[in-house]
Amino acid sequence: MINWPVEWTKLLLIYIFNLYLSFTAKTAEYLRTLNQSAIRRAKEELVLRKETEEKLKRKHIRLQNAFAEIKVLRGIVPICSFCKKIRDDKGYWNQLEAYIREHSEAEFSHGICPECMKKYYSDYDL
């Protein structure tokens, strides 16, 4: 003999349990889809950041190289009004050419201007 009220109760419980499983499975699937999307976006962002980091590294190296090549005189340079020697930070007087060569990338080539040629070498007819 079948006890129908007990069997209907079992059937109702099984039905409710199946409803619960279907709703939680749907939620779990939705969360898994969101998670996969977030992971995909994170990977794309990581690739973009690595590319940007490489570009910044290359720019940084170029700037370092450019900075290494720059040597600039700045500030007030104390110079003798008569002999044109320059006083360095230690108080020593240096020839203009030596001071500039030490504090910059400049090199010098000496010559004589026409006025000095007349003044100091007027005896020679050049």
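These numbers were taken from a predicted model, which means no experiment stands behind them. (Residues numbered from 1 in each chain as written. Predicted model: local features only at pLDDT ≥ 70, side-chain atom pairs only at ≥ 80, totals over all residues. Heavy atoms only, no water.)

This brings us to the overall build of the chain. Looking only at helices and strands, the chain has three helices and two strands in total. Beginning at the N terminus, the succession of helices and strands in the chain can be written as α-β-β-α-α. A compact globule built from 126 residues would reach a C-alpha radius of gyration of about 14 Å, whereas the chain, at 43 Å, exceeds it by more than 25%. Principal-axis analysis of the C-alpha atoms gives the chain an extent of 145 × 35 × 15 Å. Burial analysis of the chain (126 residues in total) assigns 5% to the buried set. Taking the contacts inside the chain whose residues are at least 6 apart along the sequence as the reference set, 22% of them involve residues at least 24 apart. (Helix = DSSP H or I, 4+ residues; strand = E, 2+ residues; numbered from the N terminus. Rg over C-alpha atoms; globule rule 2.2 N^0.38 Å. Buried < 20%, exposed > 50% of the residue type's maximum accessible area, 1.4 Å probe, protein only. Contact = heavy atoms within 4.5 Å.)

Here we take up the confidence of the model for the chain. When pLDDT is averaged along the chain, the result is 87; 94% of the residues meet or exceed 70. At the level of individual helices and strands, the chain shows its lowest average pLDDT in helix α2 (residues 96–103), which scores 82, and its highest in helix α1 (residues 4–69), which scores 92. (pLDDT = per-residue confidence, 0-100.)

This paragraph deals with the state of the cysteines. Taken as a whole and judged by the stated rule, the model has zero disulfides. C80 provides the cysteine sulfur closest to C83, a residue in no disulfide bond, and the two sulfurs are 3.6 Å apart. Distance from the sulfur of C113, which forms no disulfide, to the nearest cysteine sulfur (C116) is 3.6 Å. Classification of C113 by relative accessible area gives partly exposed; the value is 36%. (Disulfide = S-S within 2.5 Å.)

As a further point, take a positive patch on the surface. A grouping of K55, R58, K59 and R62 is seen on the molecular surface, where their side chains present a positively charged patch. Tracing the chain through its elements places R62 in helix α1. (Patch = residues over 30% accessible without salt bridge, like charges linked within 9 Å, V, L, I, M, F, W, Y side chains within 5 Å. Areas by Shrake-Rupley, 256 points an atom, 1.4 Å probe, with all protein chains shown as cover. Salt bridge = Lys/Arg side-chain N within 4 Å of Asp/Glu carboxyl O. Lys, Arg positive; Asp, Glu negative; His and termini not counted. Charge placed at Lys NZ, Arg CZ, Asp CG, Glu CD.)

Of note in this structure, K84 is not a glycine but carries a positive phi near 65°. One can find K84 in the loop between α1 and β1 (86–87). Residue K84 is classed as partly exposed on the basis of its relative accessible area of 44%.

Here the focus is the side chain of D88. For D88, the location among the structural elements is in the loop between β1 and β2 (93–94). Despite its burial, D88 remains without a salt bridge, the nearest opposite charge being carried by K90 at 6.4 Å. At 3.0 Å, the side chain of D88 and the backbone nitrogen of G91 are in polar contact. A distance of 2.8 Å separates a polar side-chain atom of D88 from the backbone nitrogen of Y92. (Polar contact = N/O pair within 3.5 Å; in protein donor to acceptor, adjacent residues only side chain to side chain.)

The next point concerns the pattern of salt bridges. Pairing between side chains becomes possible if they bear opposite charge and their charged atoms approach one another. Using the criterion set out here, one finds five salt bridges in the structure. Among the salt bridges present, the one from R101 reaches E107, with a minimum N-O distance of 3.6 Å. Using a relative accessible area of 61% as the deciding quantity, one classes E107 as exposed.

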